[in-house]
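# Coordinate inspection notes
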Amino acid sequence: GEAPGGEAGTDTPGQPRARILGEEVLRLAPDAPYKVHWPVVGGRLNLQGSGVAHCARQTTDDLENIWTWALEHKLQLTRKERAQLSAVLVLPDTFCAWEIKEATDILLRKLGFSSVVVHQESVASLFGSGASVSCVVNIGAQSTTVCCVEEGQVLPRSRILLPFGGVHLSETLLWALQHTNMWQYGACSPHKSLHDAHILDSLREEHLVLGEEAAQGMLETAQFVVHGSKTDSRQYSVKLGNAGRIVPMGLFHPLMLQTAVRSLTPPEEEESAEEAGVPKLARVDTTGSLHSLSSANLATAQTPTQPAPNGTPIPEPSRQAAIAGAQVGLPSAEDEWRVGEITGLDQAVVKSILSCVGRPDLKRRLFSNIALAGGGANLKGLIEILEERVLMSIPADEEADTVEVIKAKVDFSHVPWHGAVLLGVLDFARDAWVQQEDWLDGGVKVGDSRKYSIPCNVSSQLFWFSTV
């Protein structure tokens, strides 16, 4: 969050700090004099607002400030110390070429790391799950991705984007409790208050249950504390009842999420939420039309003066990247991801795996190695329900008769990071690493030398760019 005046991160007598970073932002009072910035929304850099060029600059500045704060205040790493270190950068699969370039430029140019290697979140999740082949289901806060990964390579035709995630379950939980008269906190407004949104997310993470454990959860009473704008606070209790077991099924029945989110967000509240800094949620629409996350938004950010090779407007910094990308034949973000009719999680997994046409052995291995990732996957009972529903959705003419979800040994939100550590350690030759001196001297391109002539899709995208 930012407030006008003063030096960033310093205290001025009688004035608020100019900038607040990290989890402290979630504890800000609704009337605090701050505007909250969200650098990433729906798996993409946040370009919502007036003026794409201004939003892009603001977003990259926010990323730099957040990473600098984390490195210096959490890890106590100075710029001099970072110059002796390398960084493993894990990015969402939905990032386009321009976004990958900007994130890499921040690490090499602005934060001063000696070298960087970039990996897709799905590839890192594969290694974090301990498999060589897997269908990776990443349930994030605002979107869910499904794709198949074989030996470190994402199969492009298998990529499916579902515009719902954990936050949509949180809002659906609120809607269900309000309609059953179980919700006593009448002033709750997750679109206006970050504190209220955090309360709902905590209830979702701790109390929503699927499968056999759901019957026990019906009798469970959840408690939470609402902090006022001053020192006063109030404690509430809520009995979840049927809502605790019905709401999680929204992952398999998106129409339920659509109904809840729309009813909770009238147009006038959406406008006030944007002013308060709360990002607009993607509205789930079973026809494939999304209000704030659409197939059009999967393309690179817009400006009217620089058309990309495929006709999609993109910002000036990406012009050379798009041309180079078309020359080497790598797909754009819009080409890679299928955003058609919105289906449930089980149907998306089956569609993704069945896209591997003519490879029955691979499809059997994929059905037996489904990997979950992302904080939204930490629902109790999700593994068993997903296995059951995917098995029932496999067409009769397919030879696969076994479905198994890999049981991770760590929190699902940590799976990609465990995989990234392994990828960084196992790359003995460091062939995929981008050196700072190469980047600052004008960028690197595919095929410049043996060192950079690698087939990895995401790493290749990095080399499209000139940073001049």
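Coordinates for the structure precede this section.
So, here's what we can say about the structure. Everything quoted here is computed from the prediction, not taken from an experiment. (Residues numbered from 1 in each chain as written. Predicted model: local features only at pLDDT ≥ 70, side-chain atom pairs only at ≥ 80, totals over all residues. Heavy atoms only, no water.)

## Looking at the nonpolar core
Convention followed: Definition of nonpolar core: a set of buried residues of the types Ala, Val, Leu, Ile, Met, Phe, Trp, Tyr and Cys, connected through side-chain atoms within 4.5 Å. Whether a residue is buried, partly exposed or exposed follows from its accessible area with a 1.4 Å probe, protein chains only, as a fraction of its type maximum: under 20%, in between, or over 50%, in that order. Note on definitions: a residue-residue contact is assigned when non-hydrogen atoms from the two residues lie within 4.5 Å.
Among the nonpolar cores identified, the biggest contains 59 residues, and W183, F224, I370, L372 and L382 are the most heavily contacted of them. When near neighbours in sequence (up to four residues on either side) are disregarded, I370 contacts S134, C135, V137, V349, L386, V390, V403, E404, V405 and I406. Residues L91, W98, L111 and W439 belong to the second largest nonpolar core, which totals 22 residues.

## Considering the packing of helix 13 (residues 345-354) against helix 15 (residues 382-393)
Test applied: Axis definition: a line fit to C-alpha positions, over the contact stretch in the case of helices; interaxial angles, taken between N-to-C directions, run 0 to 180 degrees. For the purposes of this entry, the term helix denotes a DSSP run of H or I that reaches at least four residues, the term strand denotes a run of E that reaches at least two, and both are numbered from the N terminus. In these notes the angle categories are as follows: under 35 degrees is roughly parallel, over 145 is roughly antiparallel, 65 to 115 is roughly perpendicular, and the rest is oblique. Should the near helix be turned anticlockwise from the far one by less than a right angle, the crossing is termed left-handed; should it be turned clockwise, right-handed. All residues other than Ala, Val, Leu, Ile, Met, Phe, Trp, Tyr, Cys, Pro, Asp, Glu, Lys and Arg, Gly among them, are scored as polar; the first ten of these are nonpolar and the last four charged.
At a minimum axis distance of 9 Å, the contact between helix 13 and helix 15 shows a crossing angle of 55 degrees. By the angle between their directions, the pair helix 13 and helix 15 is classed as oblique. Read as a crossing pair, helix 13 and helix 15 show a hand that is right-handed. Contacts between helix 13 and helix 15 involve L345, D346, Q347, V349 and V350 from the former and L386, R389, V390 and S393 from the latter. Across the contact of helix 13 with helix 15, the residue classes tally to 5 nonpolar, 2 polar and 2 charged.

## Points about the side chain of S129
Filter applied, for reference: Think of a polar contact as two N or O atoms within 3.5 Å of one another; within protein, one of them needs to be a possible hydrogen donor and the other a possible acceptor, and neighboring residues in sequence only count if both atoms come from side chains.
Mapping S129 onto the fold places it in the loop between helix 4 (121-128) and strand 5 (133-139). Engagement of the side chain of S129 in a polar contact is seen with the backbone oxygen of S125, the distance being 2.9 Å. Sequence-distant contacts of S129, that is, excluding residues within four places in its chain, are made with A371, I406 and V415.

## Focus on the environment of P360
Relative to the helices and strands, P360 is located in helix 14 (residues 360-367). Take P360: its relative accessible area is 40%, and that puts it in the partly exposed class.

## A word on the pattern of salt bridges
Pairs can form between side chains of opposite charge once their charged atoms are near each other. Counted only if it meets this: The term salt bridge refers to a pairing of a side-chain nitrogen on Lys or Arg with a carboxyl oxygen on Asp or Glu at a separation within 4 Å.
The full count for this structure, using the stated rule, is 14 salt bridges. With its nearest N and O atoms 3.3 Å apart, the salt bridge here joins E398 to K363. Within this pair, whereas E398 is found in the loop between helix 15 and helix 16 (415-426), its partner K363 is found in helix 14, the two being separated by 35 residues in sequence. Assessed through its relative accessible area of 23%, E398 is described here as partly exposed. Put simply, E399 and R364 hold a salt bridge, and the shortest N to O gap is 2.5 Å. One end of the pair, E399, is in the loop between helix 15 and helix 16; the other, R364, is in helix 14, with 35 residues separating them in the sequence. Since its relative accessible area comes to 29%, R364 is described here as partly exposed.

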